[in-house]
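# An overview of the molecular structure
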Amino acid sequence: MKEQDLSQALQVQVQTANENKSPLQIRAGHSKAFLGHTVNADILDVSPHQGIINYEPTELVLTARSGTLLSDIEIALAAQNQMLAFEPPHFGDSATLGGSIACNLSGPRRAYAGAARDYVLGTRLINGKGEDLHFGGEVMKNVAGYDVSRLVTGAMGTLGVLLEISLKVLPLPEFETTLVQTVDTTTALDKLHDWALQPLPISASCFDGDQLMIRLSGAPTAVRAATQKLGGETLENAGEFWRSIREQRHEFFAGDKPLWRLSIASTTPPLKVADKVLYEWGGALRWIKTDLPTQAMQHMALTAGGHATLFRPGQVQAQQQPQEIFQTLPDGLMQLHKNIKRAFDPNGILNPGRVYPEL
Amino acid sequence: MQTSKHNQTAIQRSTLIDALRTILVDDAILFEQEDLKPYECDGLSAYRQLPLVVVLPETIPQVQAIVKLCQQHEIPVVARGAGTGLSGGALPHSEGVLLSLARFNQILDINVQQRTARVQPGVRNLAISEAAKKFGLYYAPDPSSQIACSIGGNVAENSGGVHCLKYGLTVHNIQQLKIITIDGELIEIGAQGLDAPGYDLLALLTGSEGMLGIIVEITVTLLPIPERVQVLLAAFDDVVKAGEAVGNIISAGIIPAGLEMMDKLAIQAAEAFVHAGYPVDAEAILLCELDGTNEEVSAHILTVRKILQDSGATEVRTARDETERMTFWKGRKAAFPAVGRLSPDYYCMDGTIPRKHLPRVLKTMADLSKAYGLPVANVFHAGDGNLHPLILYDANKPGELERTEAFGGKILELCVEVGGTITGEHGVGIEKINQMCVQFKPLELTQFHAIKAAFDPKGLLNPGKAVPTLHRCAEFGAMHIHHGELPFPELERF
């Protein structure tokens with residue numbers, strides 16, 4: 001890792017862009033470029049802005065510059081037996097902390113340990129006016145001022161250019177094991193819901209249509225007791241299996257059809273689609289590779305209390321021009337989004353249109 | 001302290017009351033002096049102000065109509081839950097309507113399979129866990145006022161409690177909100193899944209202290225009740241050793257459900273009050289609560305016990321049964337009233353610091369205590385660095401309240417200096433508004449004001465709270481020059 005503080009240079013670039021009302025596309029590792037609309041604008045390259053600024057294992061806090069590679073952070077944490085509990089997907093070796101937080105993407109542990117946004121304690125960012133601002137901090141409990149750090153998490157760069165991020169980190173589990181059970185969809189969902197009501201050390205779940213995979217984490221005695229209780233075969237190479245789910249290298253994700261992400265009520269019965277569905281997060285996250293139109297997918301998600309994202313457009317779609325990628329917001333909610341965007345970026349220069357055309 | 005700009009456009013009180021009568025039944029409108037009196041302050045009674053009128057709506061359309069009326073006539077609206085807040089966040093506005101959500105007191109639905117409860121904002125925090133208990137579920141955040149405080153107030157303040165290190169704050173334990181904007185519009189935020197499209201307004205609204213919208217419904221996340229809970233009590237002859245023990249437990253990969261520290265004065269006060277059997281000669285005690293499966297707790301108790309001993313504890317006790325566990329906690333839970341018995345009045349502070357700075361902060365606080373001539377007892381959520389110094393004073397002695405507030409302000413500034421914050425869980429309200437000028441730069445405060453304006457351009461929701469104006473900071477800053485620089489040089493001085 002080449003430690004480098006580019007805060008001032010980045011600030012000057014944003015100030016200039018703002019004066020010229022000339023939009024910027026913020027880019028670090030470019031590993032999540034597939035997600036969201038393409039922004040046709042000058043590139044603001046955050047990737048050299050690297051370095052872990054502070055890491056206090058006994059305080060469970062790490063602060064790093066946004067261009068720091070996610071892999072570098074994970075190595076530093078692992079050396080102290082700690083981890084990012086939201087298990088962020090990388091989607092490439094170049095993945096950075098800034099990109100992960102800007103996208104608020106979380107992996108298999110999310111349903112049991114929380115999302116990226118749950119671990120964000122503070123941020124330093126440049127807003128659309130080119131102002132260098134600091135919100136939150138390096139402490140777990142902090143209610144001074146509005147929670148801007150969580151607001152910008154998942155905003156995909158439309159509210160500010162992340163410079164530094166402070167995160168709560170957690171100890172690595174002492175022991176983990178993954179169980180496999182061969183069951184049908186209804187049984188899988190029933191089991192997931194029943195287990196969720198019990199104090200069990202479950203840390204990940206996945207159902208691929210035939211097999212239900214459950215990861216248990218904690219003290220060895222606790223994991224063994226839960227293994228007895230839940231039953232099933234022990235999965236070999238479990239670490240690689242969960243990485244393949246997280247990184248979407250699992251065979252389910254192969255093929256050219258568009259990939260839809262439905263984040264819905266976990267109790268939703270099996271969705272009425274002909275295509276295969278991959279379940280995660282105790283049933284609250286469902287991946288579908290389908291040619292069904294956007295409207296149908298959004299409707300399906302809305303009916304199930306959640307939202308749909310066209311996570312990866314298919315080959316055909318990628319060549320065509322824009323369709324909606326994220327769930328359409330109701331008018332009142334969209335108006336608030338527009339007001340907030342204006343409050344941070346009055347000239348609309350930061351990643352315009354990446355999430356919604358209006359923002 | 002409050003702006004008078006609303007004065008010019010405000011309609012007469014009698015006209016306002018007549019208009020409110022078209023929305024609410026008579027007993028839901030209070031305007032007589034003696035009826036207004038109970039609403040003049042929240043849990044921070046040093047600040048008092050009667051509102052113009054108190055309204056007690058019980059339906060969402062009523063709230064919408066009240067807010068629209070206030071918007072039309074530019075009348076400030078201050079929302080209030082149970083009024084247990086400790087920062088004056090629900091202090092009424094002299095020209096405004098105090099909107100009490102006390103009649104929104106229904107648990108609307110408990111969805112066992114989804115592990116959520118949909119509740120109205122006036123429902124008490126503890127009532128949710130009580131209602132969920134029969135399903136083996138509970139609501140995790142447990143502020144010490146949980147018997148009385150309302151969930152709506154918890155969301156507005158992002159309330160914590162003693163179990164935050166492991167289970168998070170309110171923001172980590174809610175899924176959906178319904179709010180009424182200043183335009184009277186009902187907006188649904190969040191989703192039934194684990195995330196929602198667009199910006200994270202759930203996080204923005206949580207802890208926004210009634211500045212952005214009126215919360216009228218909340219869906220909270222419920223957790224399975226842990227199979228087993230156990231607590232250890234360790235005594236130390238030095239607070240620094242106790243602080244190090246906390247770090248050692250966390251380094252060992254254990255996240256306790258609760259990890260509390262008390263200093264000598266707090267220990268002695270608690271012991272004299274509730275006889276919890278605390279070692280009164282100790283300089284500090286730690287209470288470490290572990291929860292989880294039976295096996296997990298058994299394994300971790302042995303580890304924690306050894307760590308405490310290795311960290312120099314003079315004594316380590318493990319609660320033998322549930323009764324003893326409750327006894328261990330009793331002293332901690334009664335710490336505030338116990339300290340209150342030592343002195344006619346006490347002032348509870350709420351700063352957070354990186355734990356490594358604990359020795360320096362305690363030392364400086366002891367020096368300040370001498371300088372101000374006011375004793376201070378310390379109760380500390382040690383796991384997450386949230387410090388509650390309790391300053392003992394007598395409000396009847398002239399000048400003592402002012403000295404206490406000055407001392408308190410110094411403590412908060414000290415927290416900021418070591419990289420912490422002026423409020424861990426009590427909120428800014430009116431109490432810490434000056435210290436916001438210490439924690440944030442003018443541009444950051446300006447960004448906060450822009451966020452406020454995105455929701456409430458006329459500034460009618462809870463005006464004068466949470467975020468200071470730059471002018472206020474200039475006035476405050478004139479007395480507090482940092483690093484030899486005069487803050488806000490661009491502003492006029494008065």
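Keep in mind that this is a model prediction, so the values were computed, not measured. (Residues numbered from 1 in each chain as written. Chains lettered and ligands numbered in written order. Predicted model: local features only at pLDDT ≥ 70, side-chain atom pairs only at ≥ 80, totals over all residues. Heavy atoms only, no water.)

### Here's the deal with the interface of chain B and chain A
This is how the line gets drawn: Any two residues whose heavy atoms approach within 4.5 Å at even a single point are treated as in contact. Simply put, the buried area is the total loss of 1.4 Å probe accessible area from both parts when two parts are fitted together. Basic side-chain nitrogens of Lys or Arg form a salt bridge, by our definition, when they fall within 4 Å of a carboxyl oxygen of Asp or Glu.
Taken together, the contact between chain B and chain A spans 83 residues of the former and 70 residues of the latter. Taken together, the two surfaces of chain B and chain A that pack against each other cover about 6300 Å², and 61% of this comes from carbon and sulfur. For the chain B face of the interface with chain A, the top three residues by lost area are B:Leu194, B:Tyr199 and B:Gln447, together amounting to 14%. Applying the counting criterion to the chain B and chain A interface returns five salt bridges.

### Some thoughts on unusual backbone geometry
Most peptide bonds are trans, and most residues other than glycine sit at a negative phi. Stated formally: Numbering of helices and strands runs from the N terminus; a helix is a DSSP stretch of H or I covering at least four residues, while a strand is a stretch of E covering at least two.
Residues other than glycine seldom take positive phi values, yet A:Lys21 does so here, at roughly 50°. Along the chain, the position of A:Lys21 falls in the loop between helix H1 (7–19) and strand E1 (24–27).

### Focus on the domain arrangement of chain A
Residues and elements named next belong to chain A. The condition that has to hold: Annotation comment: domain bounds sourced from an automatic or database domain assignment. Any N or O atom pair separated by 3.5 Å or less is treated as a polar contact, with the protein-specific requirement of one donor-capable and one acceptor-capable atom, and with residues adjacent in sequence counted only for side-chain atom pairs. Three residue categories are used. Nonpolar comprises Ala, Val, Leu, Ile, Met, Phe, Trp, Tyr, Cys and Pro, charged comprises Asp, Glu, Lys and Arg, and polar comprises the others, including Gly.
When cut into domains, chain A gives domain 1 (3–171) and domain 2 (175–246). Between the C-alpha centres of domain 1 and domain 2 the distance comes to 31 Å. Contacts between domain 1 and domain 2 engage nine residues on the former and nine residues on the latter. When residues of domain 1 are sorted by the area they lose upon contact with domain 2, Pro108, Arg109 and Tyr112 head the list and together hold 68% of the total. At the surface where domain 1 touches domain 2, the tally comes to two salt bridges. The partner of Glu176 in a salt bridge is Arg109, with the nearest N and O atoms 3.1 Å apart. At the boundary of domain 1 and domain 2, one finds three residue pairs in polar contact (both at pLDDT 80 or more). The residue makeup of the side of domain 1 that touches domain 2, split by class, is five nonpolar, two polar and two charged.

### So, the packing of aromatic side chains
To describe a pair of aromatic rings, one takes the distance between the centres and the angle between the planes. Residues and elements named next belong to chain A. Here is the rule we go by: Under the pairing criterion, centres of Phe, Tyr and Trp rings, with the six-membered ring standing for Trp, must be within 6.5 Å; the plane angle then separates stacked pairs below 30 degrees from edge-to-face pairs above 60, leaving the rest tilted. Here's how the labels work: a residue is buried when its accessible area is under 20% of the maximum for its type, exposed when over 50%, partly exposed in between, all with a 1.4 Å probe on protein chains only.
Across all of its chains, the model carries 16 aromatic pairs over all chains by this definition. Look at Phe91 and Phe311: their rings are 6.0 Å apart centre to centre, the planes differ by 65°, and that puts the pair in the edge-to-face class. Here Phe311 lies in strand E17 (residues 307–312) and Phe91 lies in the loop between strand E5 (82–83) and helix H3 (97–103), a separation of 220 residues in the sequence. On the basis of relative accessibility, which here comes to 13%, the residue Phe91 falls in the buried class.

### Remarks on the pairing of strand E18 (residues 376–381) of chain B
Residue and element names in this part refer to chain B. Definition in use: Should DSSP find at least two bridges between two strands, the strands are regarded as paired.
For E18, a buried count of six out of six residues is recorded, marking the element as mostly surrounded by other parts of the structure. The two faces of E18 match: Val376, Asn378 and Phe380 on one face and Ala377, Val379 and His381 on the other face are all buried. Bridge analysis of strand E13 (residues 258–263) against E18 gives two bridges, and the strand direction is antiparallel. Bridged to Met262 within E18 is Val379. Pairing between E18 and strand E19 (residues 386–393): six bridges, direction antiparallel. Along E19, the bridge assignment pairs Val379 with His388. The antiparallel hairpin formed by E18 and E19 contains four residues in its connecting segment, where Gly385 sits at a positive phi of about 75°.

### Topic: the side chain of A:Thr294
Residue and element names in this part refer to chain A. With respect to the helices and strands, Thr294 occurs in helix H10 (residues 294–303). Note on Thr294: relative accessible area 12%, which makes it buried. When residues no more than four places from it in sequence are discounted, the contact partners of Thr294 are Trp260, Gln323 and Glu324.

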